Every structure is written in C-alpha cells, then in structure tokens.
Amino acid sequence: MRKTRATTLAATAMAAALALAGCAKDSGTSGSSNNDNAAAGSCVTAQAPAATAASTTSSAAGERVDASKLRVALAFDIGGRGDASFNDAAAAGVDKAKADMGVTDVRESTASPTEDEAAKEQRLTQLAADGYSPILAIGFAYASAVQAVAPKFPNTQFAIVDDDSVTAPNVTPLVFSEEQGSFLVGVAAVYKSKNCHVGFVGGVNTPLIQKFEAGFIAGAKAASNKVQITSDYLTPAGDNTGFQDPAKGNIKAAAEFSAGADVVYQAAGASGKGVFQAASAAKGLAIGVDSDQYNQSTVAEYKDVIMTSMLKRVDVAVYDYIRALASNTLSSLPKRFDLSVDGVGYSTSGGKVDDIKPQLEGYKQAIISGAITVPTTPQK
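Under the annotation held in an unreviewed UniProt entry, the chain carries the name BMP family ABC transporter substrate-binding protein and is attributed to Amycolatopsis tucumanensis. Its UniProt record gives the chain the following Subcellular location (unreviewed entry) comment, quoted word for word: "Cell membrane".

As structure tokens, then:
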C-alpha cells in the first residue's frame, strides 16, 4: 500500500525535490522566495513544496470484524489512562475496538515511575496466567519483560508499542516514524514563530524521544535557515520520572520561553501539561504530542495555546492490531506506522494551522515520496 501511494506521488516528488535541494539539509536554505506562501512569517526562508490531492487511509476500512472472543489486556506505561498523551492514545484504540468489534473483556494495569523489571514481568505474567490474549505492552520500557514472558506463554499473543527488538513468534511490534510527524510540526513552528526561535522539551533522553527532537529540528531548518532552536530534556535515560513531572516540564519550558522561544514542542508524556502551563504564562504557543491534545480534557484549560499536536497514532496501531488478530491477518499490518499510512501526522483542532495546511501537506507528500528523508537522530 505504501509503495503504491509513493508511486502515485512520484511526479510531485520530482518537482518538490528540485525546490528542496538544499532545504532538507541541516543548515536549511537561503534566499528562497516564499511570496506565494501567504501564511509565511518573517522567519520562513524556504519555499514549501506544492501539495496535490492525495488519498488517505483508514483503519476502519473493510468488512466488520467480530473480536468479541478476545480478552484484551493493556499494560500501560507510566501515567496510564488519563495522561492526555501516549497511554490515552492506546486506550482510545481499545475503546474503538470495543465499540466497533464487540470487545467486552478488557483489563488495564499501569507501570509506576520507579518500578523494576521484575514488576513489569510480574504484571505481564499475571495477565497471561489469567487468560488474557492479546496483551498490549504500551511502551519500550516493556521490551525486556516481553522478551522474558512471551516464550513462557506461546499460545498468548503479545504486542509491544515502540519496540521491535523482540522476535518471538507470538509478539507483534507496533512501531512508528515519529520523526516524520515531528518534521511537520517543526515546519509549523517556524511558520508561526514571531521571534524565529522555537524550542523542544523531551521527557527522557532516550533514542526514541530523540527521534521526536530530530524530526522537529529538521523540519524547522527545512523551513528556515535562520531559526534558533533550543532543546532540553527533563531526565536522563534510565530515569523515567521525566514522563510524569509537570512541574519540571514547566520549569524547562519557562526557561526556553524566557530565552526568546515563542513556540515549544513537547514530547514528555504527562509532563507536557507543565509545558502548556509555561506557554500560557508566557503568552506563547505549544505543540502537543501523540494525541490531539487540544481535545484532551485533562489539559483543556490550556487548549488556547496548543497550536497543533504531532499525532502518533497509537490508537490506530492498537485498533488495527486487534482487528488483524481477530481476522487472522496479522501479516497485513505495516512494518512501521509512518506518514504513508497515516501512522503519524499533525492535528488541526482549533484552526491555528489551517492557514498553513497547504505548506504542511506539501512537505508531507515530499516525505512520503522520498524527496525528503527525515533523520532519526538530532542534527544540531
């Protein structure tokens, strides 16, 4: 499906590649005219690739599937249901499966910020022993636990989000191209920045969260060769409290706003609420992550500063996995949920990026076609 779509966009990609020859480099482009980009601010120095009409995919396509016999378990990462971000996206996928496919038996369990590997193994073991299948491990932190537990229950199906290191036959990885969606919100940040200074706040400094940073930096630099970018992390690798510390998120983001940034992108789980608080206090803008955070009730008081969110469609991946398992079509799942299958993207709730949607769609199509390759490690 992705190859077909990329072929359809090939002609557009060739034209886009010429316009973007220097645009996707680390240093951006200079001197490019953007007179035809009416929404462009003074920070924008590169002309966006032209967007053309393109088809979209849907996780709801096809005939109805009955998944009522599945007993679904959700092993949440830190924050659990209600984090307004990563875990809530997974929960939304299961909720949709309940509505569309008749799933009725669902159990949820949540990791604590300081628990050890033994606790994760015990959680998965208990769910498997109680007869739940599939068991969805939400987050790369479960990789070692899934590796240890899955072989002990060969008749139990496991899925793990954000990790593809476990190769057991009863384990399905659900992984994403976070850098691609982050590239698009990096472009959006430049278009909306008045100070030509944007920021990034990551929860925990891991290779996964670095993908968000990498895409954001690349997108910002693709749109402007003069933008200033500030990046910070709340905690180092190994200290997962960075995903559940809104106060620390507030402090880091407030410092970025004080230094001149006026748009800050957060990939920090529940700590993102603190970034929104800082944006509101500074009268700046913020970019959400994973879920469409403009519509999340737990951060509703800050919705006016959320200009867009980088959508990491964990809900789509979880829903599609349950559907494929129920219909015995697991091999049909994409190897990676990327822009070409709407596995990542950006939100338009609130209308703050409606005026730049043609530019964002142009960059999106250039990425899908291969005219732009987005790095997965930060290029500073």
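K.L.:
Would you mind going over the state of the cysteines with me for this structure?
P.N.:
Disulfides are covalent bonds that link the sulfur atoms of two cysteine residues. Counting across every chain of the model gives one disulfide. The disulfide partner of Cys43 is Cys196, and the gap between their sulfur atoms is 2.1 Å. Taking the sign of the torsion about the S-S bond as the criterion, the disulfide between Cys43 and Cys196, at about 60°, is right-handed. Residue Cys43 is found in the loop between α2 (10-19) and β1 (71-76), and its partner Cys196 is found in the loop between α6 (178-192) and β6 (197-205); the two are separated by 153 residues along the sequence. You'll find Cys43 and Cys196 in the same group, each marked buried.

K.L.:
Looking at this structure, I do not really get the packing of helix α8 (residues 246-258) against helix α9 (residues 272-282). What am I missing?
P.N.:
For any two helices packed against each other, the geometry is given by the interaxial angle and the distance between the axes. Viewed as axis vectors pointing N to C, α8 and α9 meet at an angle of 40°, and their least axial separation amounts to 6 Å. As judged from the angle between their axes, α8 and α9 are oblique. The element α8 and its partner α9 pack so that their crossing is right-handed. Taken together, the residues of α9 that come into contact with α8 (itself represented by Pro246, Gly249, Asn250, Ala253, Ala254 and Phe257) are Lys273, Gly274, Val275, Gln277, Ala278, Ala279 and Ala282.

K.L.:
Any chance you could explain the packing of aromatic side chains here in plain terms?
P.N.:
The relative placement of two aromatic rings is captured by the distance of their centres and the angle of their planes. Counted under the stated rule, the structure contains six aromatic pairs. On the basis of an interplanar angle of 35° and a centroid distance of 5.5 Å, the ring pair of Phe176 and Phe337 is categorised as tilted. Placement of Phe176 in the loop between β5 (171-174) and α6 and of Phe337 in the loop between α10 (314-326) and β11 (344-346) is noted, with a sequence separation of 161 residues between them. Given a relative accessible area of 2%, Phe337 falls into the buried group. Centre to centre, the rings of Phe200 and Tyr233 are 5.8 Å apart; their planes meet at 70°, and the pair counts as edge-to-face. Placement of the pair is Phe200 in strand β6 and Tyr233 in strand β7 (residues 228-236), with a sequence separation of 33 residues. Just as Phe200 is buried, Tyr233 falls in that class too. Taken together, the ring pairs connect Phe200, Phe216, Tyr233 and Tyr265 into an aromatic cluster. When the ring centre of Tyr132 is taken as origin, the NZ or CZ atom of Arg71, which lies over that ring, is 4.3 Å away. Positioned above the aromatic ring of Tyr319, the side-chain terminus of Lys96 is 5.0 Å from the ring centre.

K.L.:
Help me understand the sheet that holds strand β3 (residues 135-138), please; the structure alone is not making it clear to me.
P.N.:
Within a sheet, each strand pairs with its neighbour through backbone hydrogen bonds, oriented either parallel or antiparallel. With respect to topology, five strands assemble into an open sheet ordered β2-β1-β3-β4-β5, the strand pairing being parallel. In this open sheet, the two edge strands, each paired with only one partner strand, are β2 (105-110) and β5. Neighbour to neighbour, the strand axes of the sheet diverge by 15° on average, direction disregarded. With four bridges joining them, β3 and strand β4 (residues 158-161) adopt parallel strand pairing. Bridging from a neighbouring strand, Ala137 pairs with Ile160 of β4. Along the sheet face, helix α3 (residues 86-101) touches β1, β2, β3 and β4 and points at about 170° away from the line of β1. Contacts between helix α4 (residues 117-129) and the sheet are confined to β1, β2, β3 and β4, with β1 contributing the most and set at about 170° to the helix.

K.L.:
Just checking my understanding: could you explain the pattern of salt bridges for this structure?
P.N.:
Oppositely charged side chains may form a pair once their charged atoms are brought near each other. Scanning the model with the defined rule gives 16 salt bridges in all. Between Asp164 and Arg336 there is a salt bridge whose closest N-O contact spans 3.5 Å. One end of the pair, Asp164, is in the loop between β4 and β5; the other, Arg336, is in the loop between α10 and β11, with 172 residues separating them in the sequence. One salt-bridge network, held together by shared partners, links Asp162, Glu178, Glu179, Lys211 and Lys312.

Calculation notes
In this convention, every chain numbers its residues from 1, walking through the sequence in written order. Totals for whole chains, interfaces and linings use all residues, but because this is a predicted model, local features are given only for residues with pLDDT of at least 70 and pairs of side-chain atoms are given and counted only at 80 or more. For the side-chain quantities, the full set of heavy atoms in the structure was used; hydrogens and water were omitted. UniProt positions are given in the numbering used here, feature names are shortened, and annotations may be inferred rather than shown by experiment. In this description, a disulfide is simply a cysteine sulfur pair whose atoms lie within 2.5 Å. Under the DSSP-based scheme used, a helix requires at least four consecutive residues in state H or I and a strand at least two consecutive residues in state E, with every element numbered from the N terminus. Each residue is assigned to one of three classes by its accessible area relative to the maximum for its type, calculated with a 1.4 Å probe on protein chains only: buried under 20%, partly exposed between the two thresholds, exposed over 50%. Note on geometry: axes are lines fitted to C-alpha atoms, helical ones only across the stretch in contact, with angles between N-to-C directions running from 0 to 180 degrees. Any angle that is under 35 degrees is reported as roughly parallel, and any over 145 degrees as roughly antiparallel; angles of 65 to 115 degrees are reported as roughly perpendicular and all others as oblique. The hand of a helix crossing depends on one turn: near helix anticlockwise from the far one by less than a right angle means left-handed, and clockwise means right-handed. Residues are treated as being in contact if the distance between any of their heavy atoms lies within 4.5 Å. Pairing of aromatic rings covers Phe, Tyr and Trp, the last through its six-membered ring, and needs centres within 6.5 Å; plane angles under 30 degrees mean stacked, over 60 mean edge-to-face, and all others mean tilted. Put simply, a charge is over a ring when the Lys NZ or the Arg CZ is close to the ring centre, within 6 Å, and near the line of the ring normal, within 35 degrees. Any two strands with at least two DSSP-identified bridges between them are counted as paired. One side-chain nitrogen of Lys or Arg within 4 Å of one carboxyl oxygen of Asp or Glu is enough to make a salt bridge.

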